[in-house]
Amino acid sequence: MKFICTGDWHLGNMFHGIDRLDEHRHFLDWMVEHIEQLRPDALLIAGDVFDSGNPSAASQKAYYGFLARLSSLGHRMKVIVTAGNHDSAQRLEAPRPLLSCLQVEIRGNVRHLWSTDADGTPHRTVDYDDMIIPVDGADGIEAVVLAVPYLRSDAISGESYSEGVSNFMSTLINRAKALYPHRRRVMMAHLYATGAEIAADDASERIIVGGAEQVTLRGMNDHPDYLTCGHIHKRQHIHDTDWARYSGSVLPMSFAEKSYTHGVDLVDIGPDGLRDVKQLRYTPQHPLTVIPDDNEPADLTINRLCRLIDERLPPLTAESADENAVYVALRVTHGKISADDIAVAEKHIAKRNAILCKIQKIMPPPDIDTERESINPATIDDILNLDPVEVLAKAFALKHGTPMSERQREMLSEITANAKNDTEL
């Protein structure tokens, strides 16, 4: 059996103020072409179909138009979609009865059943059967897909989130074994697995991921034949497994992801289990570039910066305008490049087939000796007259070798002001 596994589409995403609808349409066209060519038995979309719980009408139209095109291909492929943390589970599931007629199965929520004990006490249990979806292969191989949507803390039980999710998945696997003992088992989920690699400086992904909801798959002996996951944007094996993988995002979601490969996974399941997993590489319509590169010094003069712009960005022609424009981030040293210099750089970029998305200002390293001396009080009066924000800012610079950003100083000022007010009260 052949499964195409994907996730983290983030339809409706805005990239530094740029609407990416055309980029997503480009990807969906690519998907239809490959599905028509490969004729997989199932397409699994593991969450974050949309970038927000309230997607635009245009992004919803692109999504439902894609599903309609798949149904018109005329072959017996099943589509299974689960909700991610960015999706509204209720909104995603709303057309479930209609879409099931088109061989599209949606699992946004964990459903529950009410039952009554012998003494008449009612209690609620998880409807695990609802998440077990049979898929029949063209070659006679039979499988079930265990479709697990993003599990919020109120949907699980256990001493920790990790334990609760692990127990949930194990119970679902055992239930599938009982119902379909002779079928292969493929699971799809949307979670943050312990050990997963994320970009160190990718604030957006780190905010999404957090740290409290890590799930450990180590020691999960009774695992499915294959687990495809959404949530982490970099394609990778899940730590300490040879049977689980993140398929990765279909578009880079930040400049920190500029080196990621994108695409979908083609998974081959045979009578004895997993045979092969390979990536079908997709080239996003708009590549990302950072000038200068992260491994190059950012303290360039405006002349050198403009030379790099001319060298590294493609020329603008009538044929290339906008369609495959490069998204650009400039790295400049704070205090060395002026506002007038930035205007000059912008004019150079405007002559290339590129779009300036971001200007990252790098703070010069502090003079550690000067910083240390400036917070060395000599008398009690010196201590009493110290500004707590300045002391903490200098301590930050000493510890990290770089000064606080303006936003960090603003937050620190707000915290110290609130603490002072609370003390006075």
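Above this note sits the structure.
Okay, so let's go over this structure. It should be emphasised that the depicted structure is a prediction, and the values quoted were computed from it without experimental measurement.

It is worth spelling out the sheet that holds strand β19 (residues 288–291) at this point. Ordered in space as β19-β20-β21, the three strands form an open sheet in which the pairing is parallel. Each end of this open sheet is capped by a strand with a single partner; those strands are β19 and β21 (354–362). Sheet twist, expressed as the mean angle between neighbouring strand axes with direction ignored, is 20°. Relative to β21, strand β20 (residues 326–333) runs parallel, the two being bridged by eight bridges. Note that in β21 the partner of Thr-333 across the bridge is Ile-362. Helix α8 (residues 339–350) rests against β20 and β21 of the sheet, and its axis sits at about 150° to β21.

What follows deals with helix α2 (residues 57–71). Because an α-helix packs 3.6 residues into every turn, residues spaced three or four apart end up facing the same way. With 15 residues, α2 ought to run about 21 Å at 1.5 Å a step, and its terminal C-alpha atoms sit 21 Å apart, in line with that. Structurally, α2 contributes buried residues whose contacts are with α1 (21–38), β4 (42–46), β5 (78–82), α3 (89–93), α4 (96–100) and β6 (104–107).

Before going further, it helps to examine the sheet that holds strand β10 (residues 142–147). One open sheet holds the six strands; their spatial order is β9-β10-β11-β14-β16-β15, and the pairing between them is mixed. On the outer flanks of this sheet lie β9 (132–136) and β15 (236–237), each paired with one strand and no other. Relative to strand β16 (residues 244–246), strand β14 (residues 226–230) is paired through three bridges, and the arrangement is parallel. Across the sheet, residue Leu-227 finds its bridge partner in β16, namely Ala-244. Its contacts with the sheet place helix α5 (residues 161–179) against β9, β10, β11 (184–190) and β14, and it is angled at close to 150° to β11.

Once that is clear, we can look at the pairing of β14. Among the five residues of β14, five are classified as buried, and the element is accordingly described as predominantly covered. In β14, alternate side chains face the same way, and those of Tyr-226, Thr-228 and Gly-230 on one face and Leu-227 and Cys-229 on the other are all buried. Both β11 and β14 contribute to a ladder of five bridges, which runs parallel. In the strand pairing of β14, Met-188 is matched with Thr-228.

Here the focus is the pattern of salt bridges. Taken as a whole, this structure holds 22 salt bridges when the rule is applied. The salt bridge partner of Arg-96 is Glu-93, with a shortest N-O separation of 3.5 Å. A salt bridge links Arg-235 to Asp-265; its shortest N-O distance comes to 2.7 Å. Of this pair, Arg-235 sits in the loop between β14 and β15 while Asp-265 sits in strand β17 (residues 263–270), placing them 30 residues apart in sequence. Several salt bridges share partner residues, and in doing so they unite Glu-93, Arg-96, Glu-105, Arg-107, Arg-111 and Asp-130 into one network.

Moving on, we come to the side chain of Arg-352. Structurally, the position occupied by Arg-352 is in the loop between α8 and β21. Comment: no salt bridge for buried Arg-352; closest opposite-charge side chain is Asp-310, at 4.4 Å. A polar atom in the side chain of Arg-352 sits 2.8 Å from the backbone oxygen of Leu-313. Not counting residues up to four positions away in its chain, the partners in contact with Arg-352 are Ile-309, Asp-310, Leu-313, Pro-314, Pro-315 and Leu-316.

This next bit is on the packing of aromatic side chains. Throughout the structure, instances matching the rule amount to 10 aromatic pairs. Ring geometry for Trp-9 against Phe-27: centres 5.5 Å apart, planes inclined by 75°, an arrangement best described as edge-to-face. Linking Trp-9 in the loop between β1 (2–6) and β2 (14–15) with Phe-27 in helix α1, this pair joins segments that are 18 residues apart in sequence. Comparing Trp-9 with Phe-27, the two get one shared label, buried. Cluster of aromatic residues (ring-pair linked, three or more members): Trp-9, Phe-27, Trp-30, Phe-66 and Tyr-282.

What counts and what doesn't
Residues numbered from 1 in each chain as written. Predicted model: local features only at pLDDT ≥ 70, side-chain atom pairs only at ≥ 80, totals over all residues. Heavy atoms only, no water. Pairing = 2+ DSSP bridges. Helix = DSSP H or I, 4+ residues; strand = E, 2+ residues; numbered from the N terminus. Axes fitted to C-alpha atoms, helices over the stretch in contact; angles between N-to-C directions. Contact = heavy atoms within 4.5 Å. Expected span 1.5 Å × (residues − 1). Buried < 20%, exposed > 50% of the residue type's maximum accessible area, 1.4 Å probe, protein only. Salt bridge = Lys/Arg side-chain N within 4 Å of Asp/Glu carboxyl O. Lys, Arg positive; Asp, Glu negative; His and termini not counted. Polar contact = N/O pair within 3.5 Å; in protein donor to acceptor, adjacent residues only side chain to side chain. Phe/Tyr/Trp six-rings, centres within 6.5 Å; stacked < 30°, edge-to-face > 60°.

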